[in-house]
Amino acid sequence: RRVRIDVVTIFPGYLAPLREALLGRAIEAGLVELGVHDLRDWTHDVHQAVDDSPYGGGPGMVMRPQVWGEALDAVLAAGPARLVVPTPAGRPFTQATAQAWAGEERLVFACGRYEGIDQRVVDSYAARMPVDEVSIGDYVLVGGEVAVMVMVEAVVRLLPGVLGNPVSAQEDSFSDGLLEGPAYTRPVSWRGLDVPEVLRSGNHAAIARWRRDRALERTAARRPDLLDALPEDALDRADRAF
Ligand SMILES: N#Cc1ccccc1Cn1ccc2ccc(-c3cc(N)[nH]n3)cc21
């Protein structure tokens, strides 16, 4: 299954890293098609204006609907797609979102800058296709490009053939609802710190138990919200020790 990803931005160069390393190889292997488009290609004025002052006043500028409309009409003409608009005011982008989007044939990302894009752009496309306004976290970026890099990486790694070791969905971290525990490799002793004995014991039941305990401990310490969100039957008696 191939996924076609298009990104519209006023800083196309910002997306260059997507063509590096793992994702670059996935593109070369034809598992993913990536198109990056400069929003200013759809301006007609000499200044290539893409922003204007906000109605109602307030700081900063807002991106004009006309330019976005022409750009998205052109990009979307290639066929139906899910339109994704990163914004601090969006629904949270999670692993579940990445899983869902990995099944899509086409994703089109609209990268805003300034104080965002005129709301009528989202409203007009939402009438004829799935449009998701998403946030990648509770902090404010300067534009949508970095958020798109995060989301494209989270989605593309789930596509068959992209990862060397295809992590099955349920084994993926965050899939059992807990944080990953600590990981170790050689040497067995490093700067006076030793690898926990159990991991070298060959006792796979004990190893599995130890790893789950570390994951529960870490989740309780760093993300108690994830523990509260676990379904009732997710923790067995041994788990409840934490
Ligand atoms: N919009 C907006 C906005 C509103 C207030 C202040 C600054 C901006 C800048 N900005 C313009 C586009 C854009 C896209 C995504 C994010 C974004 C996503 C997450 N999770 N944090 N920030 C920010 C973006």
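Residues numbered from 1 in each chain as written. Predicted model: local features only at pLDDT ≥ 70, side-chain atom pairs only at ≥ 80, totals over all residues. Heavy atoms only, no water.

> Which residues make up the packing of aromatic side chains, and what are the values?
Applying the stated rule across the entire model yields three aromatic pairs. Each ring, one from F93 and one from W101, has its centre 5.4 Å from the other, and the planes form 45 degrees; the classification is tilted. As far as the burial class goes, F93 and W101 line up, both buried. A centroid spacing of 6.3 Å and a plane angle of 65 degrees characterise the contact between W101 and F109, whose relative ring orientation is edge-to-face. When its relative accessible area of 2% is taken as the criterion, W101 is described as buried. Aromatic rings pair up to connect F93, W101 and F109 into one cluster. The aromatic ring of Y14 is capped on one face by R113, whose charged end is 5.1 Å from the ring centroid. (Phe/Tyr/Trp six-rings, centres within 6.5 Å; stacked < 30°, edge-to-face > 60°. Buried < 20%, exposed > 50% of the residue type's maximum accessible area, 1.4 Å probe, protein only. Lys NZ or Arg CZ within 6 Å of the ring centre and 35° of its normal.)

> Describe the sheet that holds strand β2 (residues 32–38), listing the residues and the values that go with them.
A sheet is described by the order of its strands in space; here five strands give the open sequence β2-β1-β6-β5-β7, paired in parallel fashion. Lying at the two open borders of the sheet, with one neighbouring strand each, are β2 and β7 (131–135). This sheet shows a mean twist of 30 degrees between the axes of neighbouring strands, independent of strand direction. In this structure, strand β5 (residues 82–92) lies alongside strand β6 (residues 106–110), joined through three bridges in parallel fashion. Opposite L83, over in β6, you have V108 as the bridge partner. In this fold helix α4 (residues 119–126) packs onto β5 and β7, with an angle of close to 135 degrees to the strand it touches most, β7. (Pairing = 2+ DSSP bridges. Helix = DSSP H or I, 4+ residues; strand = E, 2+ residues; numbered from the N terminus. Axes fitted to C-alpha atoms, helices over the stretch in contact; angles between N-to-C directions. Contact = heavy atoms within 4.5 Å.)

> Could you give me a rundown of the pattern of salt bridges, with the residues and numbers involved?
Across all of its chains, the model carries 15 salt bridges by this definition. Each of R2, R4, D6, E33 and R106 takes part in a single network of salt bridges with overlapping partners. (Salt bridge = Lys/Arg side-chain N within 4 Å of Asp/Glu carboxyl O.)

> Requested: an account of helix α6 (residues 204–222), with residues and values cited.
In this model, α6 (19 residues) spans 26 Å end to end at C-alpha, consistent with the 27 Å of a helix rising 1.5 Å per residue. Within α6 the residues assigned to the buried category are I207, W210, D213, R214, A215, L216 and T219. In this structure, the buried residues of α6 make contact with α7 (224–229). (Expected span 1.5 Å × (residues − 1).)

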